[in-house]
Amino acid sequence: MRQQDLENRLKQQRSTIEVNPAFYESVMQQIRIAAKQAAVRSWRWEDWIGIRPAVQTALWAAAGMAGLIRLVWMIHTILFQGVCYSC
Amino acid sequence: MDEGQIIKSVLQDDIESFGLLVKRYQRPVVAMVRDMTGDVHLAEDVAQDVFLTAFQKLHTYDPSRSRFCTWLFTIARNKSVNAIKHRRLRRIRPIRQGQQNMNPADQTETEELTQRLEAAIEALPIRLKTVFILAVFYELPYDEIARIERIRVGTVKSRVSRARKKLAASINGYPGDDE
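The numbers attached to residues start from 1 for each chain and follow its sequence in the written order. Going through the entries in the order they are written, you letter the chains from A and number the ligands from 1. Side-chain atom pairs in this predicted model are given and counted only at pLDDT of 80 or more, local residue features only at pLDDT of at least 70, and totals for whole chains, interfaces and linings cover all residues. Computation of side-chain values: all heavy atoms of the structure, hydrogens and water removed.

A. Summary view of the nonpolar core. Side-chain atoms within 4.5 Å are what join buried Ala, Val, Leu, Ile, Met, Phe, Trp, Tyr and Cys residues into a set we call a nonpolar core. With a 1.4 Å probe rolled over the protein chains alone, any residue whose accessible area is under 20% of its type maximum counts as buried; one over 50% counts as exposed, and the rest are partly exposed. Counting 67 residues, the largest nonpolar core has Phe18, Val29, Phe51 and Phe68 of chain B as its most contacted members. Numbering goes from the N terminus for both helices and strands, where a helix is a DSSP run of H or I of at least four residues and a strand is a run of E of at least two. Per-element accounting of this core gives the leading share, ten residues, to helix H2 (residues 18–37) of chain B.

B. Examining the environment of Phe23 of chain A more closely. For Phe23 of chain A, the position within the fold is in helix H2 (residues 22–41). We classify Phe23 of chain A as buried; its relative accessible area is 1%. With sequence-adjacent residues up to four places away left out, Phe23 of chain A is seen in contact with Gln26, Val30, Glu44, Ala47, Gln48 and Phe51 of chain B. Residues are treated as being in contact if the distance between any of their heavy atoms lies within 4.5 Å.

C. Examining a nonpolar patch on the surface more closely. Residues with no salt bridge and a relative accessible area higher than 30% make up the patches, which join like charges within 9 Å and nonpolar side chains (Val, Leu, Ile, Met, Phe, Trp, Tyr) within 5 Å. Only the protein chains shown count as covering a residue, and every accessible area follows the Shrake-Rupley method with a 1.4 Å probe. We define a salt bridge as a side-chain nitrogen of Lys or Arg found within 4 Å of a carboxyl oxygen belonging to Asp or Glu. Taken together, Met65, Leu68, Ile69, Leu71, Val72, Ile75, Leu79 and Phe80 of chain A make up a surface patch of nonpolar side chains, about 860 Å² in accessible area. By the secondary structure assignment, Leu68 of chain A is in helix H4 (residues 53–81).

D. A look at the packing of H2 of chain B against helix H6 (residues 126–137) of chain B. All names here are of chain B. Contact geometry for H2 and H6: axes closest at 10 Å, N-to-C directions at 150°. As the angle between them shows, H2 and H6 are arranged roughly antiparallel. In the packing of H2 onto H6, the handedness of the crossing is right-handed. Note on element contacts: H6 touches H2 through Ile126, Lys129, Thr130, Ile133, Leu134 and Phe137, opposite Met32, Asp35 and Met36. All residues other than Ala, Val, Leu, Ile, Met, Phe, Trp, Tyr, Cys, Pro, Asp, Glu, Lys and Arg, Gly among them, are scored as polar; the first ten of these are nonpolar and the last four charged. Of the residues contributing to the contact of H2 with H6, the split by class is six nonpolar, one polar and two charged. For helices, the fitted axis covers only the stretch in contact; all axes are lines through C-alpha atoms, and the angles between them, taken along N-to-C directions, range from 0 to 180 degrees. Under this scheme an angle from 65 to 115 degrees is roughly perpendicular, one under 35 degrees roughly parallel, and one over 145 degrees roughly antiparallel; angles in between are oblique. For any pair of crossing helices, the crossing counts as left-handed if the nearer helix is rotated counterclockwise from the farther one by less than a right angle, and right-handed if it is rotated clockwise.

E. Summary view of the pattern of salt bridges. A complete count under the given rule lists 14 salt bridges over all chains for this structure. A salt bridge links Glu7 of chain A to Arg164 of chain B; the shortest N-O distance between them is 2.8 Å. With Glu7 of chain A in helix H1 (residues 3–15) and Arg164 of chain B in helix H8 (residues 153–170), this pair bridges two chains. We classify Glu7 of chain A as buried; its relative accessible area is 0%. For Arg164 of chain B, a relative accessible area of 15% gives the class buried. Close ionic contact of Asp143 of chain B with Arg147 of chain B constitutes a salt bridge, the shortest N to O distance being 3.8 Å. Taken as a pair, Asp143 of chain B and Arg147 of chain B lie in helix H7 (residues 142–149) at a separation of four residues, close to a single helical turn. Assessed through its relative accessible area of 39%, Asp143 of chain B is described here as partly exposed.

F. Here's a closer look at the side chain of Ser17 of chain B. All names here are of chain B. Mapped onto the secondary structure, Ser17 falls in the loop between helix H1 (3–11) and H2. Look at Ser17 and you get buried, because its relative accessible area is 7%. The residues contacting Ser17, other than those within four sequence positions of it, are Ile6, Ser9 and Val10.

G. Looking closely at the side chain of Ser80 of chain B. All names here are of chain B. Inspection of the secondary structure puts Ser80 in helix H4 (residues 68–85). Classification of Ser80 by relative accessible area gives buried; the value is 0%. As used in this structure description, the phrase polar contact means that two N or O atoms lie within 3.5 Å; if the pair is within protein, one of them must be able to donate a hydrogen and the other to accept it, and residues adjacent in sequence are counted only when both atoms belong to side chains. Of the polar contacts made by the side chain of Ser80, one reaches the backbone oxygen of Ala76; its length is 2.6 Å.

H. Region of interest: the layout of surface pockets. Computed over the protein atoms alone on a 1 Å grid, cavities are sets of points where a 1.4 Å probe fits but cannot get out and pockets are open sets with protein on both sides within 12 Å along at least five of seven lines; a residue lines them when it has an atom within 4 Å of a point. Grid points are joined across faces, edges and corners, and a volume is the space filled by probe spheres set on the points. One number sums up the size of the largest pocket: a volume of about 420 Å³. Around the largest pocket, the lining is made up of 16 residues, and of these Arg65, Trp71, Thr74, Arg147 and Arg150 of chain B lie nearest the centre. Secondary-structure elements contributing two or more residues to the lining of the largest pocket are H4 and H7 of chain B. Here the lining of the largest pocket is composed, by residue class, of four nonpolar, five polar and seven charged. Reported here for the second largest pocket is a volume of approximately 330 Å³. The element contributing the most residues to the lining of the second largest pocket is H2 of chain A, with five residues.

Here is the structure:
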């Protein structure tokens, strides 16, 4: 028998090998766990309360602006009135 | 459902769709890992790891660069090589199957030669073995093997040829092909 025939025979055997019936379920189980872990890792409170990204940006911008105005106002009162209303 | 659609739905969080890919490729992946590692029991563990990695890295798969099976075989190849390096290997169990249309004497001889060939493949250096298995058993085109192995197509051809010569030389009793 030629080497080529033997190779073909081995190749044919590979196409008929039996995979353990539990293999599929085992793989899917691991994948479900991996998906859950990935979901936990990427969790953000913004997603949880369902705010859209544009609204999130607007809220953060508004909060930042309010903080900045408050800071400028504080510096202004200290410099020009000599009073710190926060103290 | 074609592969592109399946991959799209998995990426859109339809995890169960990945099962279609597992069902489609479990046999060739397990068989390939078994060939690479020579270990029946380890093969399914490694193959599970292959699918898990494929799922986790699916967003990095680029259909314009390679077919999905090439990408999957690349993962399988790397995982198998790692498994071999970690030396968690046990004994090879040849995949045996009789042929009904042979007389018992011929069948015994063929069985023996097949086992010898299988053992010779197992003994090949890893670089030759991988290329030989992918080219001969899974009939992957040379350019895809070159992509998997990150070598040139010419190198793939020469490795297949060298593997064949080594196999012919290591098995006494039957002549090698003059390719």
